[in-house]
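Now for the letters of each chain:
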Amino acid sequence: MSSVTFKDNAVTVSGQFPAAGQAAPDFTLTGVDLADIRLSDYAGKKLLLNIFPSIDTAVCATSVRKFNEKAASLDNTQVLCVSMDLPFAANRFCGAEGLDRVQVASAFRHGDFLSNYGVALADGPLRGLSARAVVCIDEQGQVVYGELVPELTNEPNYEAAIQALS
């Protein structure tokens, strides 16, 4: 367990956040077509997980826009934006914004993703959603960078994440 803050109030985060150098925890998420998405689907590719509470908040939406923009410079890399939002909502947002370099996935059927990645908000007003985090995984499935953003209302360190995959 760890903690972050939401508007300067402490929030408990359950699970173990993956550390650089360890194998990325396996996962199953739900894609926009309601099919399962698994870590193994990205074997041989770099993967940037942009994890956030909800696409319907300004900071979360900004992170999806910025990673969409920055993804163009990354070779052999997929950006996967993960939240508890239904896949329809996230897909609608990306379509309306013209964001085509990121893929969205939902943990709504697979809540174990939140605890397996150490991002499950265990208390506070956003209990049940995910903390804001970035996890970068290399082609061999190893975590090369991770950031559990300390304050939920802050943006992640985009440059550090991009640098880790460059």
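Structure: see above.
Just so you know, these numbers come straight off a predicted model, no measurement behind them. (Residues numbered from 1 in each chain as written. Predicted model: local features only at pLDDT ≥ 70, side-chain atom pairs only at ≥ 80, totals over all residues. Heavy atoms only, no water.)

Visitor: Please clarify how the nonpolar core should be interpreted in this entry.
Guide: A general tendency of soluble globular proteins is for nonpolar side chains to be buried together. Counting 30 residues, the largest nonpolar core has Phe 27, Leu 29, Leu 49, Leu 80, Phe 113 and Tyr 117 as its most contacted members. Mapped onto this core, the elements with two or more residues apiece are strand E1 (2-6), strand E2 (9-14), strand E5 (46-51), strand E6 (77-83), helix H3 (112-116), strand E8 (120-121) and strand E9 (133-137). Apart from the residues within four sequence positions on either side, Leu 49 is in contact with Phe 27, Leu 80, Val 82, Phe 113, Tyr 117, Ala 133, Val 134, Val 135 and Ile 137. By size, the runner-up hydrophobic cluster in this structure holds 24 residues, among which are Phe 52, Ala 61, Val 79 and Tyr 158. (Core = buried A, V, L, I, M, F, W, Y, C linked by side-chain atoms within 4.5 Å. Buried < 20%, exposed > 50% of the residue type's maximum accessible area, 1.4 Å probe, protein only. Helix = DSSP H or I, 4+ residues; strand = E, 2+ residues; numbered from the N terminus. Contact = heavy atoms within 4.5 Å.)

Visitor: Honestly, the packing of aromatic side chains in this entry has me stumped. Any pointers?
Guide: When we look at a pair of aromatic rings, we describe it by the centre distance and by the angle of the planes. Tallied over the entire structure, the rule returns four aromatic pairs. Judged by centre distance (6.1 Å) and plane angle (65°), the ring pair of Phe 27 and Tyr 117 falls under edge-to-face. You can see Phe 27 sitting in the loop between E2 and strand E3 (28-30) and its partner Tyr 117 sitting in the loop between H3 and E8, a full 90 residues away along the chain. Aromatic ring contacts, followed pair by pair, group Phe 27, Phe 113 and Tyr 117 into a single cluster. (Phe/Tyr/Trp six-rings, centres within 6.5 Å; stacked < 30°, edge-to-face > 60°.)

Visitor: Before we go on, may I ask you to explain helix H4 (residues 158-165) in this structure?
Guide: One full turn of an α-helix is made of 3.6 residues, so residues set three or four places apart face in the same direction. Among the residues making up H4, those that are buried are Tyr 158, Ala 161, Ile 162 and Leu 165. The buried residues of H4 occupy an angular sector of 95° when projected down its axis, which confines them to one face. Exposed and oriented more than 90 degrees from the buried face of H4 are Glu 159 and Gln 163. On the buried face of H4, the contacting elements are E5, helix H1 (58-71), E6, E9 and strand E10 (143-148). (Arc of directions from axis to C-beta.)

Visitor: I tried to follow the environment of Leu 148 on my own but got confused; where do I start?
Guide: Here Leu 148 shows up in strand E10. The spatial distance from the C-alpha of Leu 148 to the C-alpha of Phe 17 is 7.6 Å, given a sequence separation of 131 residues.

Visitor: What exactly am I supposed to notice about the pattern of salt bridges here?
Guide: Think of it this way: side chains of opposite charge can pair up when their charged atoms draw near. Scanning the entire structure with this criterion turns up four salt bridges. Across the pair Arg 38 and Asp 36 runs a salt bridge, and its minimum N-O distance is 3.2 Å. Given a relative accessible area of 34%, Asp 36 falls into the partly exposed group. With its nearest N and O atoms 3.2 Å apart, the salt bridge here joins Glu 155 to Lys 66. Pair noted here: Glu 155 is in the loop between E10 and H4 and Lys 66 is in helix H1, with a separation of 89 residues, a long-range link. Owing to a relative accessible area of 35%, Glu 155 belongs among the partly exposed residues under this scheme. (Salt bridge = Lys/Arg side-chain N within 4 Å of Asp/Glu carboxyl O.)

Visitor: Just to check I follow, could you spell out the side chain of Ser 63 for this structure?
Guide: Checked against the element boundaries, Ser 63 lands in helix H1. Using a relative accessible area of 0% as the deciding quantity, one classes Ser 63 as buried. A polar atom in the side chain of Ser 63 sits 3.2 Å from the side chain of Asn 50. (Polar contact = N/O pair within 3.5 Å; in protein donor to acceptor, adjacent residues only side chain to side chain.)

Visitor: How should the sheet that holds E2 be read in this particular structure?
Guide: Hydrogen bonds between backbone atoms are what pair the strands of a sheet, whose relative direction is either parallel or antiparallel. Reading across the sheet, the three strands line up as E1-E2-E8 and stay open at both edges, with antiparallel pairing between neighbours. Taken across any chain shown, the strands that pair with only one partner, and hence form the sheet edges, are E1 and E8. Sheet topology places E2 next to E8; two bridges connect them, and they run antiparallel. Bridge assignment links Val 13 to a residue of E8, and that residue is Leu 121. (Pairing = 2+ DSSP bridges.)

Visitor: Even after reading the chapter, I still don't get the environment of Gly 118, so can you show me in this structure?
Guide: With respect to the secondary-structure elements, Gly 118 resides in the loop between H3 and E8. Overall, Gly 118 belongs to the buried group, its relative accessible area being 0%. Taking the C-alpha atoms as reference points, Gly 118 and Val 143, separated by 25 residues in sequence, lie 14 Å from one another. Here Gly 118 is in contact with Val 13, Ser 14, Gly 15, Gln 16, Phe 17 and Leu 148, once residues within four sequence places are set aside.

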